[in-house]
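# Examining the three-dimensional arrangement
Spelled out, the chains give:
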Amino acid sequence: MLNTDGILVCNKSSPSDSTAFIPVFQMETDDPSDTTEVNPLGIYDPSTTGWLQGKECKSAEREPVNTQQTIQEPGININSILMTKVEEHNKKVRENPRDINAWMEFVSFQDELMRGPSPYASKGEQEVRRKSLKLILEKKLSILERAIESNPGNVDLKLARLKLCTEFWEPPALIKEWQKLIFLHPNNPELWKKYLLFCQSQFTTFSVSKINSLYGKCLTTLAAVQDGSMVSHPLLPGTEEAMLAIFIQQCHFLRQAGHSEKAVSLFQALIDFTFFKPDSVKDLPTRGQVEFFEPFWDSGEPRIGEKGARGWKAWMHQQEKGGWIALKSDDDDDEEEIDEDQEIKDKTLPKWHIWLDIEYSREARHWLPWRPDKTKKETEEDCDDPERQVLFDDLGPSLIRLSNPDLQHQLLYSFLQFLGVPCTSKLFPSNLYIAMDENNIFDSVLSDEKPLTSVHFPLSGFNSIGHMDTMLRRRHHIGHHKEGEEFIQNVFHVLFLLFSGKEKCNLSICWLQYEISKVLQCLQRKKKKKLKAQGRKSKKLAKNLLKAPDNRNHLSLWKLYAYLEWLLGNIDDARKVFDTALSTAGTGGLKSPQLCSLSLLYAQLEVELLESLEGAVTSRAVHILTKLAESGPYVPYSGQVLSVNVLKARKTYEHALQDYLSKTPVSDQDQVNDANQLVNLVGCYALFQYLTVGIDAAVLIYAQTLEKLEAPGPQKCENTGESFGIQNFPTALEAVTLLHTNLLRFHMKISVYPLNPLREALTEALKRYPSNQSLWRSYIHIQRKSHSASKARRFFDGVTRSTNSLEPWLFAIQAEQMRKKLIENVQRADVGEIHSTIPETGLTNRIIALFEHATQSENGTHCPLLWRMYLNFLASLGKTEKSKGLFYKALQNCPWAKVLYMDAVEYFPDQLQETLDLMTEKELRVRVPMEELDLLLEV
């Protein structure tokens with residue numbers, strides 16, 4: 001009864017009917033004369049009366065129908081409502097068969113029709129329900145087939161049909177259907193993406209070489225469409241961008257399957273193919289260019305990231321002149337090659353443990369493709385592991401032409417991110433949850449101790465190459481081994497030759513951010529010895545970068561260098577660097593975005609040193625922010641700022657903010673600059689108010705700014721020519737929200753302040769940006785302090801329903817796991833007998849239910865990280881059999897993720913051989929075969 005939507009319980013059609021109760025209607029029985037003895041009050045339904053008389057019961061199949069009709073008689077008959085809806089839908093699609101949305105609505109309406117008896121009904125009813133589920137699917141299928149007849153060219157309808165068929169058909173039949181679809185629409189990149197994901201996640205037919213060649217086929221086909229050599233199909237808009245996304249997806253697929261050498265080679269080849277292309281081949285179609293590229297690739301010439309790489313263009317010129325003169329290598333630097341015997345540190349450990357150690361160590365050291373060293377007279381036969389060599393056939397089909405400069409830059413930054421270098425923006429295509437596999441998504445680096453300047457890297461959740469860690473061990477080492485670090489250095493040197501000006505400066509910033517990220521990891525793990533050594537290297541690099549004539553006046557680099565010194569604990573040195581940078585920066589004041597950004601960071605770092613807000617007006621931070629507003633030459637701090645200057649600065653800030661909020665950007669580039677400038681300006685003004693007036697004044701500025709940014713959408717202001725709304729400034733809005741929440745967190749840390757304003761700010765922000773990991777980290781951090789979980793649970797539930805992002809699921813699970821840990825700690829506390837008031841089992845079941853829902857969501861099904869967390873949770877409960885079942889279920893959805901197999905070795909050590917056999921069968925990279933391990937143990 002509860003499931004019937006929109007029935008009037010009481011029929012109030014006549015005005016005189018003022019009954020305050022629900023009337024019970026007399027039910028007509030089959031034969032009134034017979035039933036008066038057994039049913040004198042007329043309160044039994046027909047089946048009960050029949051049973052009392054000893055007659056045969058009505059068939060269970062008809063029962064729900066009868067009961068439903070009796071329910072519906074009092075009010076409006078539901079069936080008639082539904083029937084009119086069915087007629088409406090039929091009429092819509094009959095009159096307008098080209099309306100795809102109408103067809104799709106008709107299909108989803110079938111679910112409404114199905115909301116029949118409840119799942120808690122008797123056995124007979126459940127049978128009906130099960131039958132009706134199949135019936136519904138068949139009905140949907142027939143509607144979609146009708147729709148496809150009317151719209152034979154529509155891909156969405158065909159995809160919807162395939163999705164339904166997954167319920168009915170066997171994998172081979174499904175694959176055939178997909179192949180037909182791809183054959184009909186070879187120029188549709190979105191369809192290719194779905195097809196690749198489908199094939200990649202079919203455990204029965206999966207193997208790495210098969211999927212890799214499928215990626216190659218996809219990119220070759222799309223390249224032919226792009227060249228115009230496939231005459232039958234036109235080029236669809238956005239193809240080039242999609243091709244790059246598919247290429248990056250292929251590299252991540254290879255990285256996750258353990259074939260990191262192939263992934264690195266793919267990037268090396270495409271960068272050479274894009275940036276070092278000889279002019280003589282530029283007009284050829286893609287395949288023609290690839291044919292010219294092959295001899296260069298096989299020539300043994302150093303590639304991008306290797307010492308002495310000159311690129312394809314230089315090699316081609318030289319070949320025309322007769323080749324290079326081979327020079328003797330001048331460095332006899334012995335590499336720190338670990339001897340095979342040293343790989344086993346302790347032979348007493350169990351076999352599975354030793355296997356994991358060696359596999360991990362080789363994964364970390366051998367991710368670069370192996371090349372014969374000519375100076376040592378090596379040949380290809382000298383390679384111990386043939387898998388470390390990459391053949392051109394593995395990467396040739398995936399080479400594509402990128403003509404758009406933005407996409408070319410995207411390729412470079414994607415490569416840097418792949419190597420573990422944090423770049424300024426999130427570059428991944430949105431559907432790359434399938435590449436998310438690392439548990440560092442919940443690590444808040446220093447954000448609890450230093451909320452104002454907490455660094456959030458856009459790359460958390462993705463393993464960089466050379467890190468293949470199990471869930472329990474977490475990351476072993478920081479950065480890369482010697483070879484890897486040299487490789488990254490060489491990549492930067494080659495890229496510096498390619499670019500100048502702003503791009504070159506951006507690359508320098510990336511490099512310095514990479515160094516800072518390593519320092520932060522040392523700080524996070526409290527490794528003092530490593531921090532010292534890392535600090536020396538990083539400072540040396542920063543100074544070298546700043547010595548370059550192009551970089552001397554770039555405040556962003558000075559800012560990072562000063563921050564590096566501050567992190568290393570050299571606060572006085574850092575202040576000198578900040579002061580020097582501000583003194584030489586000129587008098588741009590609030591008009592200069594870089595000056596604002598530099599002053600903001602300096603002031604934030606100074607504020608974080610404060611113990612309380614008493615005497616904050618006299619602090620160095622107020623001096624910095626006042627000087628910024630004065631637009632005069634900067635003078636280092638000498639003592640308290642005069643009240644007059646504070647008042648003047650406040651007026652200046654106020655006017656500057658009003659100007660920015662009422663300004664209309666002219667071009668896209670202006671818009672980006674304005675957005676950055678606005679964020680820095682709001683940050684400086686709010687911090688200034690916080691120090692001179694108090695927290696409420698600062699919150700007021702954030703509130704005004706957010707209100708102004710959210711207010712008008714462009715559609716409202718078409719006539720006035722203003723189009724300053726959230727659509728123009730999505731990033732600004734997000735950044736301002738982060739500043740706002742960070743300031744509230746800081747204030748709560750140093751003084752007493754209610755939690756509610758912060759919670760409200762975070763919930764509002766997360767509804768708008770459900771995939772922002774920094775905001776989620778703050779949210780679950782404050783949730784720990786709250787004893788009532790119901791508010792947070794309702795919020796998580798609301799967000800997961802309204803978005804496809806996976807982050808809300810991941811953080812909801814993390815929040816519950818944190819709560820579980822907390823309760824376990826309380827229960828284990830050594831204070832005599834504790835009667836637990838909070839039943840723990842409820843939490844375990846809740847977490848399992850969350851995992852189940854998350855793994856069924858569209859993005860969660862193929863996300864290795866989610867399955868790893870689920871497996872880890874079940875294993876931690878000690879449910880071995882259940883965990884094994886889950887491991888195989890995870891493989892059905894993510895058969896390519898090597899980390900899953902490595903986790904399994906740790907959880908089920910007795911099945912080591914079985915797991916390795918499975919990896920070998922699916923062609924995942926096993927660097928230490930069992931036979932080799934036995935030999936190593938015998939030595």
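Data block above holds the structure.
The paragraphs below set out a description of the structure included in this document. (Residues numbered from 1 in each chain as written. Predicted model: local features only at pLDDT ≥ 70, side-chain atom pairs only at ≥ 80, totals over all residues. Heavy atoms only, no water.)

### Some remarks on the overall build of the chain
- A tally of regular secondary structure across the chain gives 38 helices and zero strands.
- When burial is assessed residue by residue, the chain has 50% of its 939 residues classed as buried.
- Excluding contacts between residues fewer than 6 apart, the proportion of contacts in the chain whose partners are at least 24 apart in sequence is 68%.
- Of the roughly 46,800 Å² of accessible surface on the chain, 53% is carried by carbon and sulfur atoms. (Helix = DSSP H or I, 4+ residues; strand = E, 2+ residues; numbered from the N terminus. Buried < 20%, exposed > 50% of the residue type's maximum accessible area, 1.4 Å probe, protein only. Contact = heavy atoms within 4.5 Å. Areas by Shrake-Rupley, 256 points an atom, 1.4 Å probe, with all protein chains shown as cover.)

### Let's talk about the packing of helix H22 (residues 571-584) against helix H23 (residues 593-608)
- Between H22 and H23, the least distance of the axes is 11 Å, while the angle of their chain directions is 155°. The orientation of H22 with respect to H23, classified from their angle, is roughly antiparallel. For the pair H22 and H23, the sense of crossing is left-handed. Judged by residue contacts, Arg575, Phe578, Asp579, Ala581 and Leu582 of H22 engage Leu595, Leu598, Ser599, Leu601, Tyr602, Leu605 and Glu606 from H23.
- Classifying every residue of the contact of H22 with H23 by side-chain character gives eight nonpolar, one polar and three charged. (Axes fitted to C-alpha atoms, helices over the stretch in contact; angles between N-to-C directions. Parallel < 35°, antiparallel > 145°, perpendicular 65-115°, else oblique. Left-handed = near helix turned anticlockwise from the far one by under 90°. Nonpolar A, V, L, I, M, F, W, Y, C, P; charged D, E, K, R; others polar.)

### Concerning helix H15 (residues 351-365)
- With 15 residues, H15 should reach 21 Å at 1.5 Å per residue; the first-to-last C-alpha distance of 21 Å fits that figure.
- In terms of burial, H15 is largely enclosed, as 11 of its 15 residues are buried.
- Taken together, the buried positions of H15 are occupied by Trp352, Ile354, Trp355, Leu356, Ile358, Glu359, Tyr360, Arg362, Glu363, Ala364 and Arg365.
- In this structure, the buried side of H15 is in contact with helix H12 (260-275), helix H36 (898-907), helix H37 (912-921) and helix H38 (930-938). (Expected span 1.5 Å × (residues − 1).)

### What to know about the packing of helix H30 (residues 773-783) against helix H31 (residues 790-802)
- Running from amino to carboxyl end, H30 crosses H31 at an angle of 155°, the nearest separation of the two axes being 12 Å. Here H30 lies roughly antiparallel to H31, going by the angle between them. On the side of H30, the interface is formed by Trp776, Tyr779, Ile780 and Gln783, while H31 contributes Ala792, Phe795, Phe796 and Val799.
- For the contact of H30 with H31, a count of residues per class yields seven nonpolar, one polar and no charged.

### A closer look at the packing of aromatic side chains
- A full pass over the atoms with the stated rule returns 38 aromatic pairs.
- Between tryptophan 776 and tyrosine 779 the ring centres are 6.1 Å apart and the planes differ by 80°, which places this aromatic pair in the edge-to-face class. You can see tryptophan 776 and its partner tyrosine 779 sitting in helix H30, three residues apart, about one turn around the helix.
- The exposure class assigned to tryptophan 776 is buried, which follows from its relative accessible area of 0%.
- Through successive ring pairs, a cluster of aromatic residues spans Phe273, Phe293, Phe296, Trp297, Trp312, Trp315 and Phe392. (Phe/Tyr/Trp six-rings, centres within 6.5 Å; stacked < 30°, edge-to-face > 60°.)

### What to know about the environment of alanine 245
- With respect to the secondary-structure elements, alanine 245 resides in helix H11 (residues 239-256).
- When the C-alpha atoms of alanine 245 and serine 414 are compared, they prove to be 10.0 Å apart, with 169 residues separating the residues in sequence.

### Some remarks on a negative patch on the surface
- A cluster of acidic residues, Glu291, Glu294, Asp298, Glu380, Glu381, Asp382, Asp384 and Asp393, forms a negative patch on the protein surface.
- Looking at the element boundaries, aspartate 384 is found in the loop between H15 and helix H16 (392-395). (Patch = residues over 30% accessible without salt bridge, like charges linked within 9 Å, V, L, I, M, F, W, Y side chains within 5 Å. Salt bridge = Lys/Arg side-chain N within 4 Å of Asp/Glu carboxyl O. Lys, Arg positive; Asp, Glu negative; His and termini not counted. Charge placed at Lys NZ, Arg CZ, Asp CG, Glu CD.)

### A closer look at the pattern of salt bridges
- Here the structure, examined in full by the defined rule, presents 32 salt bridges.
- One salt bridge in this structure joins lysine 898 and glutamate 359, with 2.6 Å as the shortest N-O distance. On the criterion of sequence distance, the pair formed by lysine 898 in helix H36 and glutamate 359 in helix H15 is long-range, its members being 539 residues apart.
- Among the charged side chains, a network of salt bridges with common partners joins Glu261, Glu359, Glu363, Lys898, Arg925 and Arg927.

### Looking at the environment of tryptophan 352
- You can see tryptophan 352 is positioned in helix H15.
- Relative accessible area serves as the criterion here: at 19%, tryptophan 352 is assigned to the buried category.
- Separated by 554 residues in sequence, tryptophan 352 and glutamate 906 place their C-alpha atoms 7.4 Å apart.
- Ignoring any residue separated from it by four or fewer positions in sequence, one finds tryptophan 352 in contact with Val905, Glu906, Pro909 and Leu912.

### Re a positive patch on the surface
- Where like charges cluster on the molecular surface, the positive patch consists of Lys527, Lys530, Lys532, Arg536 and Lys537.
- Here arginine 536 shows up in helix H20 (residues 528-547).
- Note on arginine 536: relative accessible area 58%, which makes it exposed.

### Some details on the side chain of glutamate 261
- Among the secondary structure elements, glutamate 261 is positioned in helix H12.
- A distance of 3.1 Å separates a polar atom in the side chain of glutamate 261 from a polar atom in the side chain of arginine 927. (Polar contact = N/O pair within 3.5 Å; in protein donor to acceptor, adjacent residues only side chain to side chain.)

### Examining a nonpolar patch on the surface
- Together, Leu41, Ile43, Tyr44, Trp51 and Leu52 line one region of the surface with nonpolar side chains, adding up to about 600 Å² of accessible area.
- Within the element layout of this structure, leucine 41 appears in the loop between helix H1 (32-35) and helix H2 (46-53).
- Take leucine 41: its relative accessible area is 67%, and that puts it in the exposed class.

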